[in-house]
Amino acid sequence: MKNLKETTPDTSPFHPPSSPSSYFLSFEGIEGSGKSTQLKTLKIYLEGLGLRVIVLREPGGTTFGEKLREAILASKEALHPAAEAYLFASSRAQLLNQVILKELSKEKTIVICDRYIDSSIAYQGHARGLGAGTILKIHELPPLNFLPHQTYYLDIDLEISFERQQIRGGQKDYFESENKDFYQKLIEGFEEASLLFPSRIKKIDGRREEERVFADIKNYVNKLLDIPG
Ligand code: TYD
């Protein structure tokens, strides 16, 4: 089977009935990178252009996926990296089958996912040590070999991530209780994903003010959708 490296939905061995006017986008980054804020702004922008926008999160987005989310994030016992990788992949396969592919078959629809395969590359592949190759191998199985058209990776430093997490407060979940070494590995993992998929993943400096970060996202999405800037 074809290597997923630089595979786009168009060249993927799996061809879902995707409408040519519909696009699949994802956001990636470590905790506190500003994904949620930017995702909301992008949704409003795209709706303003008359597009239908479906926002999803991973893990989750289906009844079964939300159960998996709860099981993983509330887990008090350490999961084996292989268990983690397959749990996230299970949630993703359900989300693709039940929601993403159906929505993308409709016209003028933008599906935006808060985290997707690159989180698996960074968290399970790099930080947990399974290796990016293992994650890509798992994703050769359809429908998992369906990748976003464009991914916005919001790059921030370790220090900013911890500062923002502290301000946010609240109870820490399964991954939030990890130490700085783990977070450093996550940053390296997202870098690795960016190198594996240089045209799909747009690395954006997330340390700047919200407006400037969004200006970059808007430029990229305008180019993808062929919207005059
Ligand atoms: P979430 O609360 O959604 O994190 P955030 O608000 O930072 O996006 O929790 C999802 C957690 O699951 C997050 O810590 C990243 C992790 N994760 C993986 O480890 N692998 C994956 O494939 C995905 C999608 C998420």
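Because the structure is predicted, anything quoted here is derived from the model rather than measured. What you see as residue numbers is a count from 1 along each chain, following the sequence as written. Reporting of local features is limited, given that this is a predicted model, to residues whose pLDDT is at least 70; pairs of side-chain atoms are given and counted only at 80 or more, and all residues count toward the totals for whole chains, interfaces and linings. To obtain the side-chain values, all non-hydrogen atoms of the structure were used and water was disregarded.

Observations regarding the site of the ligand
Working step 1: Contacts to the ligand come from 15 residues, most closely from Lys 35, Arg 69, Arg 115, Ser 120 and Gln 124.
Working step 2: Definition of a polar contact: a pair of N or O atoms within 3.5 Å, with one able to donate and the other able to accept a hydrogen when the atoms are protein atoms, and with sequence-neighbouring residues admitted only if both atoms are side-chain atoms. A distance of 3.0 Å separates an oxygen atom of the ligand from a polar atom in the side chain of Arg 69.
Working step 3: Note on areas: Shrake-Rupley with a 1.4 Å probe; residue coverage comes only from the protein chains shown. Within the complex, 90% of the 550 Å² of free accessible area of the ligand lies under protein.
Working step 4: Judged by the fraction of its atoms near the pocket grid, the ligand is located in the largest pocket.
Working step 5: Strands are runs of DSSP state E lasting at least two residues, helices are runs of H or I lasting at least four, and both sets are numbered from the N terminus onward. Contributions of two or more residues to the shell around the ligand are made by α2 (63–73), α3 (81–104) and α4 (117–127).
Working step 6: If you tally residues by element for the shell around the ligand, the top one is α4, at four residues. When at least one non-hydrogen atom of a residue lies within 4 Å of a molecule or strand, that residue is treated as near it. We place a 1 Å grid over just the protein atoms. Points where a 1.4 Å probe fits but has no way out form a cavity, open points with protein on both sides within 12 Å along at least 5 of 7 lines form a pocket, and any residue with an atom within 4 Å of a point lines it. The way we define it, a molecule is inside a pocket or cavity when more than half of its atoms are within 2 Å of that pocket's grid points.

A short note on helix α6 (residues 158–168)
Working step 1: Burial classes: relative accessible area under 20% of the type maximum marks a residue as buried, over 50% as exposed, and values in between as partly exposed (1.4 Å probe, protein chains only). Along α6, the residues that are buried comprise Leu 158, Ile 160, Ser 161, Phe 162 and Gln 165.
Working step 2: Contact definition: two residues touch when any of their heavy atoms are within 4.5 Å. Along its buried surface, α6 packs onto α7 (180–196).
Working step 3: Downstream of α6 by one or two residues, Gly 169 has phi in the positive range, about 65 degrees.

Concerning the packing of α2 against α3
Working step 1: To obtain an axis, a line is fitted to C-alpha atoms, over the contacting stretch when the element is a helix, and the angle between two such axes runs from 0 to 180 degrees between their N-to-C directions. Relative to each other, α2 and α3 sit at 160 degrees, their axes nearing to 9 Å. The angle between the axes of α2 and α3 places the two elements in the roughly antiparallel class. Viewed along their axes, α2 and α3 form a crossing whose handedness is left-handed. Across from Phe 64, Gly 65, Leu 68 and Ile 72 in α2, the residues of α3 making contact are Leu 87, Phe 88, Ser 90, Ser 91 and Gln 94.
Working step 2: Only Asp, Glu, Lys and Arg are considered charged in this grouping, and only Ala, Val, Leu, Ile, Met, Phe, Trp, Tyr, Cys and Pro are considered nonpolar; every other residue, Gly among them, is considered polar. Classifying every residue of the contact of α2 with α3 by side-chain character gives five nonpolar, four polar and no charged. In this scheme, roughly parallel covers angles under 35 degrees and roughly antiparallel covers those over 145, while 65 to 115 is roughly perpendicular and the rest are oblique. A crossing counts as left-handed when the near helix is turned anticlockwise from the far one by less than a right angle, and as right-handed when that turn is clockwise.

Some remarks on the packing of α4 against α7
Working step 1: Where α4 contacts α7, the axes come no closer than 8 Å and their chain directions differ by 125 degrees. The orientation of α4 relative to α7 falls into the category oblique. In terms of crossing hand, the pair formed by α4 and α7 is right-handed. Packed against α4, whose contacting residues are Asp 118, Ser 119, Ile 121, Ala 122, Tyr 123, His 126 and Ala 127, the element α7 presents Phe 182, Lys 185, Leu 186, Glu 188, Gly 189, Phe 190, Glu 192 and Ala 193 at the interface.
Working step 2: Class assignment of the residues belonging to the contact of α4 with α7 gives a composition of eight nonpolar, three polar and four charged.

So far we have only geometry, and geometry alone does not tell us how the molecule works.
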